[in-house]
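Given next are the chains, with one letter for each unit.
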Amino acid sequence: MDTLYLTDLLGTGVFAVSGTLTALHKKKDLDILTLFIFAFVTAVGGGTLRDIIIQAYPVAWISDANYLLVIITGLLLAVACRRWWLGFLHRPLRVFDTLGIGIFTILGLEKALHVGVNPWAAVLLGIVSALFGGVIRDTLANETPLVFERQLYATPCLTGAVLYVMLLQAGLHATIGFLLSVAVITVFRLLAIRKGWSLPPIRG
Amino acid sequence: MDTLYLTDLLGTGVFAVSGTLTALHKKKDLDILTLFIFAFVTAVGGGTLRDIIIQAYPVAWISDANYLLVIITGLLLAVACRRWWLGFLHRPLRVFDTLGIGIFTILGLEKALHVGVNPWAAVLLGIVSALFGGVIRDTLANETPLVFERQLYATPCLTGAVLYVMLLQAGLHATIGFLLSVAVITVFRLLAIRKGWSLPPIRG
Amino acid sequence: MDTLYLTDLLGTGVFAVSGTLTALHKKKDLDILTLFIFAFVTAVGGGTLRDIIIQAYPVAWISDANYLLVIITGLLLAVACRRWWLGFLHRPLRVFDTLGIGIFTILGLEKALHVGVNPWAAVLLGIVSALFGGVIRDTLANETPLVFERQLYATPCLTGAVLYVMLLQAGLHATIGFLLSVAVITVFRLLAIRKGWSLPPIRG
């Protein structure tokens with residue numbers, strides 16, 4: 001229980017850092033409050049949408065102030081060390097961010113299964129948890145979300161989520177399934193970015 | 001009851017087909033997963049938003065896996081026969097899609113009235129059910145939703161929804177009111193598209 | 001209680017007027033139904049989002065038809081007198097709109113505190129109540145929301161909201177805290193617009 005909670009907080013902080021840096025990288029002349037909005041939406045957008053759809057109230061950051069404190073810490077850290085992060089910390093950050101996406105996919109999937117969502121929808125909600133913070137952020141900033149453009153963005157999440165459901169149904173212990181599925185998502189996604197893999201396009 | 005459920009599933013499938021084809025028509029190089037997101041959002045976006053606003057939990061596709069199966073079937077059917085659909089099946093599809101909009105408007109209105117929403121808001125929620133799947137899809141894809149540009153998009157839905165409320169209050173049987181109102185929306189909308197009807201613009 | 005209700009209705013009407021005029025000012029050839037959508041989203045978008053996040057059902061305009069009547073009245077009034085509003089009524093409207101933003105910030109904050117939200121999140125939800133009607137409207141219309149561009153848009157709301165929480169914790173009577181905080185938001189924001197104040201930009 002405690003491990004899950006700390007993992008969730010850590011993932012939130014990582015997403016706040018990467019949300020801030022994405023905004024700094026793309027836009028100029030943002031002030032600290034605007035940066036906070038980007039960090040906040042990136043960090044809690046996907047999980048909040050999932051909780052509303054499956055009626056899993058209260059939403060985490062509503063009942064527990066630690067989430068906002070972690071986001072503000074992530075924001076300040078990202079702003080203070082922004083030249084490092086965008087420089088020689090660029091690669092470690094991407095690994096971190098990808099790990100965060102893996103963790104949030106399986107945590108979201110598990111939460112959905114836990115409240116009785118059917119497995120097909122639960123897989124989808126896992127992906128929503130991990131990717132829709134970024135989608136909402138891009139939509140509010142009037143940009144096309146990456147998930148609609150770059151091909152191999154959602155595929156690793158889908159693969160890992162389906163794997164997790166199959167491992168559970170095969171009787172594997174949840175923790176081992178969790179670690180395996182997160183590893184598959186992370187490695188698959190890092191390789192896909194590096195090698196430029198993509199699904200074949202379908203022409204109209 | 002069973003008829004309503006089957007109608008709802010059928011409408012979901014039709015919206016999945018038209019969502020996929022709209023995406024294929026507008027964008028190039030989409031892969032199957034991106035197409036699924038378009039199909040999914042088009043098919044369940046409006047109804048999910050309605051259910052969240054009126055607290056009508058559980059959302060249909062969360063508790064019943066048939067909705068996702070119908071969407072995946074619609075997606076595969078649309079991809080497999082995409083040249084037929086965009087060719088000589090273009091007109092039948094538009095009739096089908098318009099029928100789907102009519103059905104979703106009145107189904108959504110009825111569901112809202114059923115949980116005690118006031119009639120003015122219920123009419124609005126009927127329109128949201130039918131049109132906001134497309135609105136959310138266009139917004140995520142960074143396009144201006146048609147409802148904000150082409151004039152006669154929401155008017156037939158409004159007309160049919162108001163008619164349905166008036167017929168119910170006049171004591172007509174719900175099923176007859178349903179059929180009449182859906183027919184009015186469908187015919188009105190097909191005529192409006194064909195004749196290029198529009199409401200008069202208001203200049204600033 | 002009655003005063004709060006009437007204040008809320010009045011604020012809704014003011015937002016419907018300013019939503020309609022913003023749409024008329026920016027776009028051409030909008031018909032009355034499209035204008036209604038803009039007025040409606042501007043007026044109830046922020047409050048609806050807040051209520052869904054904190055599970056404060058039923059959403060106001062769902063259970064009480066007066067909200068929609070006020071929005072329709074505001075819409076018709078704005079359309080009928082649009083030349084006056086955009087002409088010599090331009091300044092009074094901005095004062096009115098800013099007052100509406102002040103009132104909605106503190107009303108939203110209070111509602112969130114009332115259902116047990118932690119103070120940090122409650123401050124955020126107050127700002128969401130006041131500003132996200134406009135954000136959703138701009139996003140649907142495929143424009144970048146002002147809150148992501150013009151610097152001093154959210155700062156006065158944040159200042160007033162934090163002040164209100166501090167006054168309450170210092171033991172001040174809620175009504176006096178309400179009036180003081182709304183005054184601070186309104187005066188701060190009007191001055192910021194007039195003087196072109198902005199927070200210092202952070203460069204990437």
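Small disclaimer: the values here were computed from a predicted structure and weren't measured.

Caption draft 1: The arrangement of the overall build of chain A in detail. Along the backbone of chain A there are 9 helices and 0 strands. The linear arrangement of helices and strands in chain A, starting from the amino end, is α-α-α-α-α-α-α-α-α. Within chain A, the fraction of its 204 residues that count as buried is 56%. Taking as baseline every contact in chain A between residues at least 6 positions apart, the subset at least 24 positions apart corresponds to 72%. Separation of charge centres in chain A, based on 15 positive and 11 negative side chains, amounts to 12 Å.

Caption draft 2: Focus on the relation of the copies chain A and chain C. In screw terms, the move from chain A to chain C is a rotation of 120° and a rise of 0.0 Å along the axis, fitting with an RMSD of 0.0 Å. Within this description, the copies of the chain are treated as partners about a three-fold rotation axis. For chain A, the minimum C-alpha distance to the rotation axis belongs to Asn142 of chain A and amounts to 3.8 Å. Comparing interface residues between copies, only 15% of those in chain A also lie at the interface in chain C; the contact surfaces differ.

Caption draft 3: Molecular detail of the UniProt feature "domain: Glycine transporter" (unreviewed entry) in chain A. In this structure's numbering, the residues bearing the UniProt feature "domain: Glycine transporter" (unreviewed entry) are residues 6-82 and 95-167 of chain A. A helix fraction of 82% and a strand fraction of 0% characterise residues 6-82 of chain A, whose end C-alpha atoms lie 25 Å from each other.

Caption draft 4: How the structure looks around the confidence of the model for chain A. The pLDDT averaged across chain A works out to 90; a share of 98% of its residues lies at or above 70. When mean pLDDT is compared element by element in chain A, helix α8 (residues 155-169) of chain A scores highest at 96, while helix α5 (residues 82-86) of chain A scores lowest at 81.

Caption draft 5: Looking closely at the side chain of Ser18 of chain B. You can see Ser18 of chain B is positioned in helix α1 (residues 2-26). At a separation of 3.4 Å, a polar atom in the side chain of Ser18 of chain B contacts the main-chain carbonyl oxygen of Phe15 of chain B.

Caption draft 6: The arrangement of the UniProt feature "transmembrane region" (unreviewed entry) in chain A in detail. All names here are of chain A. Using the residue numbers shown here, the UniProt feature "transmembrane region" (unreviewed entry) corresponds to residues 6-25, 32-53, 59-81, 119-140 and 176-193. The straight-line gap between the two end C-alpha atoms of residues 119-140 is 30 Å; of that span, 100% is helix and 0% is strand. As a span, residues 176-193 carries 100% helix and 0% strand, and end to end its C-alpha atoms are 26 Å apart.

Caption draft 7: Spatial organisation of the packing of helix α7 (residues 119-140) of chain B against helix α4 (residues 66-80) of chain C. Where α7 of chain B meets α4 of chain C, the closest approach of the two axes is 8 Å, and the angle between their N-to-C directions is 75°. Compared by their axis directions, α7 of chain B and α4 of chain C come out roughly perpendicular. Residues Trp120, Ala121 and Leu124 of chain B of α7 of chain B touch α4 of chain C, and the partners they reach there are Leu68, Leu69 and Ile72 of chain C. Partitioning the contact of α7 of chain B with α4 of chain C into residue classes produces 6 nonpolar, no polar and no charged.

Caption draft 8: Inspection of the side chain of Asp64 of chain C at higher detail. With respect to the element layout, Asp64 of chain C can be found in the loop between α3 (60-63) and α4. Lys111 of chain C provides the closest opposite charge to the buried, unpaired Asp64 of chain C, separated from it by 11 Å. Setting aside residues up to four positions removed in sequence, Asp64 of chain C forms contacts with Asn118 of chain B together with Tyr5 of chain C.

Caption draft 9: Molecular detail of a positive patch on the surface. Residues and elements named next belong to chain A. Side chains of Arg91, Arg94, Arg194 and Lys195 sit close together on the surface and give a patch of like positive charge. Among the elements of the structure, α6 (90-114) and α9 (174-195) are those that each provide at least two residues to the positive patch. Tracing the chain through its elements places Lys195 in helix α9. Its relative accessible area of 56% is what places Lys195 among the exposed residues.

Caption draft 10: Quick peek at the interface of chain A and chain C. Counting residues at the interface gives 33 residues for chain A, matched by 30 residues for chain C. Taking both sides of the interface into account, the surface hidden between chain A and chain C amounts to around 2,700 Å²; carbon and sulfur atoms contribute 68%. For chain A, the biggest contributors to the area lost against chain C are Tyr57, Ile62 and Leu140 of chain A; these three give 22% of the whole. Our count for the chain A to chain C interface comes out at 0 salt bridges.

Caption draft 11: Quick peek at the packing of helix α2 (residues 32-53) of chain B against α7 of chain B. Residues and elements named next belong to chain B. For the pair α2 and α7, the least separation of the axes is 7 Å and the interaxial angle reads 135°. Relative to α7, α2 is oriented oblique. Note on packing geometry: the crossing formed by α2 with α7 is right-handed. Of the residues in α7, those touching α2 at Phe38, Val41, Thr42, Gly45, Gly46, Gly47, Leu49, Arg50 and Ile53 are Leu125, Val128, Ser129, Phe132, Gly133, Ile136, Arg137 and Leu140. Looking at the contact of α2 with α7 residue by residue, the classes come out as 9 nonpolar, 6 polar and 2 charged.

Caption draft 12: Quick look at α2 of chain B. Residues and elements named next belong to chain B. If you check α2, its first and last C-alpha atoms are 31 Å apart, about what 22 residues at 1.5 Å a residue would give, namely 32 Å. Largest kink in α2: about 45°, centred on Val44. For α2, the tally of buried residues reaches 20 of 22 residues, placing the bulk of the element in the interior. Sitting at the head of α2, Asp31 places a side-chain oxygen 3.1 Å from the backbone nitrogen of Leu33. Of the residues flanking the end of α2, it is Gln55, one or two places downstream, whose phi is positive at about 55°.

Caption draft 13: Quick peek at the packing of aromatic side chains. Enumeration according to the criterion identifies 15 aromatic pairs over all chains in this entry. Relative to Trp197 of chain B, the ring of Phe188 of chain B lies with its centre 6.2 Å away and its plane at 65°, an arrangement referred to as edge-to-face. Exposure remark for Trp197 of chain B: the relative accessible area of 40% places this residue in the partly exposed category. On the basis of an interplanar angle of 25° and a centroid distance of 5.8 Å, the ring pair of Phe36 of chain C and Phe40 of chain C is categorised as stacked. On the criterion of helical spacing, the pair formed by Phe36 of chain C and Phe40 of chain C is a turn pair, its members being 4 residues apart in helix α2 (residues 32-53). The exposure class of Phe40 of chain C is buried, given its relative accessible area of 10%.

Parameters and conventions
- Residues numbered from 1 in each chain as written.
- Chains lettered and ligands numbered in written order.
- Predicted model: local features only at pLDDT ≥ 70, side-chain atom pairs only at ≥ 80, totals over all residues.
- Heavy atoms only, no water.
- Helix = DSSP H or I, 4+ residues; strand = E, 2+ residues; numbered from the N terminus.
- Buried < 20%, exposed > 50% of the residue type's maximum accessible area, 1.4 Å probe, protein only.
- Contact = heavy atoms within 4.5 Å.
- Lys, Arg positive; Asp, Glu negative; His and termini not counted.
- Charge placed at Lys NZ, Arg CZ, Asp CG, Glu CD.
- Least-squares fit on C-alpha atoms with pLDDT ≥ 70 in both.
- UniProt positions renumbered as here; feature names shortened; annotations may be inferred.
- pLDDT = per-residue confidence, 0-100.
- Polar contact = N/O pair within 3.5 Å; in protein donor to acceptor, adjacent residues only side chain to side chain.
- Axes fitted to C-alpha atoms, helices over the stretch in contact; angles between N-to-C directions.
- Parallel < 35°, antiparallel > 145°, perpendicular 65-115°, else oblique.
- Nonpolar A, V, L, I, M, F, W, Y, C, P; charged D, E, K, R; others polar.
- Salt bridge = Lys/Arg side-chain N within 4 Å of Asp/Glu carboxyl O.
- Patch = residues over 30% accessible without salt bridge, like charges linked within 9 Å, V, L, I, M, F, W, Y side chains within 5 Å.
- Areas by Shrake-Rupley, 256 points an atom, 1.4 Å probe, with all protein chains shown as cover.
- Buried area = accessible area lost by both parts, 1.4 Å probe.
- Left-handed = near helix turned anticlockwise from the far one by under 90°.
- Expected span 1.5 Å × (residues − 1).
- Bend = angle between axes of the 7 residues up to and from the residue.
- Phe/Tyr/Trp six-rings, centres within 6.5 Å; stacked < 30°, edge-to-face > 60°.

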